[in-house]
Each structure stands twice: as structure tokens, then as C-alpha cells.
Amino acid sequence: MAKKDYAQICTDIINVCGGEGNITNVTHCMTRLRVQLRDESKINKVEAKAISGVMNLIVQSGEYQFIIGQDVPSLFEEFKKHDGIKIGGSIQDDAAVKQDMKDKKSNILSTIMGFIGGTFSPVIPVLIAGGLTGAVLTLLTTFFGVSNTDGTYVVLYAINQATFYFLPIFIGFSAANKLGSNGYLGAFLAAIMLFSTINNAEGLSFLGIKIQQIAYNSTVFPVILGVLFMSVVYKFLQRHTPVYLRTIFVPLITILITVPVTLIVLGPIGNTFGTWLADGVLAIYRAVPAIAVMIIGIATPLMVFFGMNNATYPVLFLLIAEIGSDPLICTGMAPANVAVGGACLAAALIAKNAEDKSIATGAGITALCGITEPGVYGVLFVKKYPLIGAMIGGGIGGLLAGLLGMTQYVVSTPGFISIPAYINPDGTGRNLIVSIIVMVLAVAVSFLVTFFLGKREEKKRAIKA
């Protein structure tokens, strides 16, 4: 496949979006370029989907997501060269804010999912790096005799623990940016919540009002609610404070209002909601574990297509905080992701066109590593029969994973590249062996089903011809 011309793709996207002046903000996640527009009527969606190098266009809550693939950072670099385009968490102007509010009213569920997904997506690289460091520690202590008092262990342990202890700071920054507020104030709010005299503090009060004892380092909902409130306060002050006073008084008043409200009201609400959600998810899993994981295995390609997969991260963190591992979300996504790889490779084997073979092969290899967007948008939803194969393979793999009690011990992108994430910290190998069997089975089933369906599709076309 020819090398992508990122400069040309950038120019084409700008043109179909109505020019630089119509673009209010550009960000990116692992595979998508996320664009916000001033006037959405100016975008040409048909031409956008036809741009060479763009696999598809997804619209969520007023955000236009161009599916590019794992090379999206290279395209993002081209957008940085355009001075007329704001890059990353910039504050929307009034027109964009009004349009965003209109979108929220039209589809509340989509807006909530889009917000959660858009908040966690930029944090994924940190989670992968920190999570897999935990797997590296397990390997070092189990197979290389490294002591937990060794300096190497201490440094790597700090990397792993800092990732999750300070996760609310990353979430605070990302959520504030997603809301068009000030990311640094969002991070500041989270840092205050994690400060030693506040985090999990007993007997704390503010102006005589008792503050509930909460371990903010083990939950994400309090900081999310806090940032939501903070963004409202911040934007209100930005609009009503004289320009020459904004630099000093807007951040000061925002924090002085937000912190007490978060600690007294929003933090306890978020903590209670998180506890209820964790208990509910665990109750479902414990009642029907095999079915629960199977559903995740079947539905993952659909969640990826609609951009809902990242919205499952809050549940994932709740599970890890509650029981020390994730037997549901990533465990179900592991066979689902590699099943997408198997389906794509089968589609590549069937394809007659060299370009189709190249796209399907590349997408298949990428999916086996855990990144499925290229496969989902470039193969599964284009040809349809690989989607069926992937969902069957993922479902069967998920069913087996649930029956055998497979779990994932650290946060990482589910797939073969994250195999160390399935090593039990106690050094036993059963879970790792089960995980390999589950994923290999998912690949085999999805490959065979896709190949069979693809050949049958070819025969039908031959008869019609």
C-alpha cells in the first residue's frame, strides 16, 4: 500500500470541513482525528468519507471523528502547522458552545457516552504504560529473582503505582479539555482532592460542614462530577468578568467555589454512584459470568464502531479497585479484539483486489495486537460477513473466558501484545494459559467462520454474474 501523504489528507479534511475558519478545535486519540466545527452545515460528509487515507467518519455529540488508524499522530502533526486551527483543549466560542448544547439536548445518552469516551481516550497511553509495567514487575520477581527491595523494582513499582494513584489528575485534565474548560484547573482540582490532608482524611470539615472520608485515589467519578461543576463555574466567570480581571480572579474564584462543593456534595455522590455501579456489575458477573463476558465479546466490535468502547473504562477501574483484577471488560474485549484480527486475515485471504488484501492484512495484524479500529471501519463494516465472523469468534471466546474464570490483572489494550497482563501476580500460570487458549480459539473461530461466509458470498456473486 502506498505511503500516505499526510499533508494532502490534512488539506482535504480542512476543505471538506469548510476551511480553517470553520474548525474550532482538533485533537486525536489512538486511531481517530477528532474535529469540532463552528458551523456543522458546512461539512461535506460524503466527500469526507471518500478522502484517501480516511477509513470512515463518525459523528458524536457535535464532534467529527475521522478514522485514520494508529498513524493518526502523523496526520495531527500536519494540523499543527496551520496557525488558524486551535490544537487540543481550547475554549470554544459562544457559537460552538450553543451548537454543543443543542446536540446534548437531542441525544443525552450519546452525549454522556461521548463525554466519557472522549475523557478516557487521551489517557489510554498512560494507562497502558503504567499497567504493563505491573506485568513487567511480575515477570522480574517470578522469573528473574528480583527482590521487592531492589532499586530496579522500586523504580518500576513507582511507575506502576503512580499511574493509578494520580489517575484522577489525568482524568481531571482530560475532562476539563473535553468540556471546553481549562484543563490545568481540572488537573489542579484533582491534585487538591489527592492531597495528603484531604484524601481519605478523617474528621475533616469546611466552615463547620462535615466532609465525608473518601479515598479519591481509587475512584474517578468524584473528579468527573467536580470538573463538570467547575466547567460551569469557569465558563460563567469567563463570560461575566471584565477582560482585565480574568487572569487573576477567574481561576481563583473557580477553585474557591468548586473545591468545597466537590468535597461536601459531589465527591460523596460520585463515590456512592461508583460503589453502586461496581456492586451491580459484580452482581451480574457473579450470577452469570460466562454470559456476561460473552456479551462483551460479541458486542465489542459494535462498541468500537459507535465509539462506546472507551466509555467502559470507569467500570474497569471500579472492578480493579474492588477485586484487584478485571474479569469482565478487558477479559471480554481480549477475544473480541483478536477475533477481529482473525476475521480480517480471512478477508485478506479471500480478497482478489491487491489493495483490499493489503488493507485487510494490515488491519488484521493490528487487531491481533489489540487495536481494532482499522479492522472495524476498513473491513468488518465494509464487507459485513467479517463482522459476523468476528462477533461469533469473540462471543465463543468470551463464553470460554467466563467459564474458565479468565481475568486481566493490569490495564492494557486487550490482545496478544498484552499477554503479560494475564500473568497472575502470585506467579501461577493457569490464568496466562487460559488467556492464550481463549484468544487462539477466538482467532481460529472468527477466521473459519469469515472464510466460510466469504466463500459463500463469492459463489452468490458468481451466480448473479
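Quick caveat, the model's predicted, so the values are computed rather than measured.

Overall, the coordinates contain ten aromatic pairs when judged by the stated rule. Relative to Tyr184, the ring of Phe173 lies with its centre 5.2 Å away and its plane at 75°, an arrangement referred to as edge-to-face. Of this pair, Phe173 sits in helix H8 (residues 167-178) while Tyr184 sits in helix H9 (residues 183-194), placing them eleven residues apart in sequence. For Tyr184, a relative accessible area of 66% translates into the label exposed. On the basis of an interplanar angle of 40° and a centroid distance of 5.9 Å, the ring pair of Tyr313 and Phe317 is categorised as tilted. With a gap of four residues between them, Tyr313 and Phe317 both fall in helix H13 (residues 313-323), about one helical turn apart. A single burial state applies to Tyr313 and to Phe317, both of which are buried. Taken together, the ring pairs connect Phe120, Tyr313 and Phe317 into an aromatic cluster.

In this fold, Ser446 is placed in helix H18 (residues 430-464). The contacts of Ser446, once residues within four sequence positions are left out, are Ala339, Gly342, Ala343, Gly389, Ala390 and Gly393.

Next up on the list: the side chain of Glu78. Structurally, the position occupied by Glu78 is in helix H3 (residues 72-80). We classify Glu78 as buried; its relative accessible area is 17%. When sequence neighbours within four positions are dropped, the list of residues in contact with Glu78 reads Tyr6, Ala7 and Cys10.

A few words now on the sheet that holds strand S2 (residues 32-37). To summarise the sheet geometry, strands pair through backbone hydrogen bonds and adopt either a parallel or an antiparallel arrangement. With antiparallel pairing, four strands are arranged side by side in an open sheet as S1-S2-S4-S3. Strand pairing shows two members of the sheet lacking a second neighbour, strand S1 (23-28) and strand S3 (56-60), which therefore form its edges. Recorded for the sheet is a direction-independent mean angle of 25° between the axes of neighbouring strands. One ladder, built from five bridges, connects S1 with S2; its direction is antiparallel. In the sheet register, His28 faces S2, and the bridge partner there is Leu33.

Our focus in this paragraph is the nonpolar core. For soluble globular proteins, the rule of thumb is that nonpolar side chains tend to be buried together. Phe317 and Leu328 are the most contacted members of the largest nonpolar core, which has 71 residues in total. With sequence-adjacent residues up to four places away left out, Phe317 is seen in contact with Phe120, Leu127, Phe164, Leu167, Val220 and Val411.

One can describe the packing of H9 onto helix H11 (residues 243-287) by two numbers: an axis separation of 11 Å at closest approach and a directional angle of 45°. Classed by the angle they form, the pair H9 and H11 counts as oblique. In terms of crossing hand, the pair formed by H9 and H11 is right-handed. Residues Leu185, Phe188, Leu189, Ile192 and Met193 of H9 form the contact with H11, whose own contacting residues are Pro251, Thr254, Ile255, Thr258, Val259, Thr262 and Leu263. The residue makeup of the contact of H9 with H11, split by class, is nine nonpolar, three polar and no charged.

In this section: the pattern of salt bridges. Counted according to the given criterion, the structure contains seven salt bridges. Residues Lys80 and Glu77 are paired through a salt bridge, measuring 3.2 Å at the closest nitrogen-oxygen approach. Of this pair, Lys80 and Glu77 are both found in helix H3, three residues apart, which corresponds to roughly one turn of the helix. Lys81 is paired through a salt bridge with Glu78; the nearest N and O atoms lie 3.2 Å apart. Exposure remark for Lys81: the relative accessible area of 59% places this residue in the exposed category. Residues joined by salt bridges that share partners form a network here, namely Arg34, Glu63 and Lys178.

Per the stated rule, a full pass over the model turns up one cavity of 30 Å³ or more. Roughly 280 Å³ of internal volume is contained in the largest cavity. Lining the largest cavity are 22 residues, with Asn309, Asn310, Tyr313, Gly370 and Thr413 positioned closest to its centre. Counting residues per element, the ones that place at least two in the lining of the largest cavity are helix H12 (289-305), H13 and helix H14 (329-350). Examining the composition of the lining of the largest cavity, we find that four residues originate from one element, H14, more than from any other.

Structurally, Lys460 is set in helix H18. Judged by relative accessible area, which is 45%, Lys460 ranks as partly exposed. Separated by 409 residues in the primary sequence, Lys460 and Ile51 have C-alpha atoms spaced 30 Å apart.

Packing of helix H16 (residues 373-383) against helix H17 (residues 385-404) brings their axes to within 4 Å, and their N-to-C directions diverge by 105°. Of the possible angle classes, the one that applies to H16 and H17 is roughly perpendicular. Here Val379, Leu380, Phe381 and Lys383 of H16 come into contact with H17, specifically with Tyr385, Pro386, Leu387 and Ala390. Classifying every residue of the contact of H16 with H17 gives seven nonpolar, no polar and one charged.

We now examine the environment of Arg32. Here Arg32 is to be found in strand S2. Along the sequence, Arg32 and Met308 sit 276 residues apart, while their C-alpha atoms lie 13 Å from each other. Within the structure, the side chain of Arg32 is placed 2.6 Å from the backbone oxygen of Val304, a separation counted as a polar contact.

We now examine the state of the cysteines. Tallied over the entire structure, the rule returns zero disulfides. Cys10 carries a free sulfur, and the closest cysteine sulfur to it, the one in Cys17, is 10.0 Å from it. Here Cys10 falls in the buried class, since its relative accessible area comes to 1%. On the basis of relative accessibility, which here comes to 0%, the residue Cys17 falls in the buried class.

Conventions and cut-offs
- Residues numbered from 1 in each chain as written.
- Predicted model: local features only at pLDDT ≥ 70, side-chain atom pairs only at ≥ 80, totals over all residues.
- Heavy atoms only, no water.
- Phe/Tyr/Trp six-rings, centres within 6.5 Å; stacked < 30°, edge-to-face > 60°.
- Helix = DSSP H or I, 4+ residues; strand = E, 2+ residues; numbered from the N terminus.
- Buried < 20%, exposed > 50% of the residue type's maximum accessible area, 1.4 Å probe, protein only.
- Contact = heavy atoms within 4.5 Å.
- Pairing = 2+ DSSP bridges.
- Axes fitted to C-alpha atoms, helices over the stretch in contact; angles between N-to-C directions.
- Core = buried A, V, L, I, M, F, W, Y, C linked by side-chain atoms within 4.5 Å.
- Parallel < 35°, antiparallel > 145°, perpendicular 65-115°, else oblique.
- Left-handed = near helix turned anticlockwise from the far one by under 90°.
- Nonpolar A, V, L, I, M, F, W, Y, C, P; charged D, E, K, R; others polar.
- Salt bridge = Lys/Arg side-chain N within 4 Å of Asp/Glu carboxyl O.
- 1 Å grid on protein atoms, 1.4 Å probe; cavity = no way out; pocket = protein on both sides within 12 Å on 5 of 7 lines; lining within 4 Å.
- Points joined across faces, edges and corners; volume = space filled by probe spheres on them.
- Polar contact = N/O pair within 3.5 Å; in protein donor to acceptor, adjacent residues only side chain to side chain.
- Disulfide = S-S within 2.5 Å.

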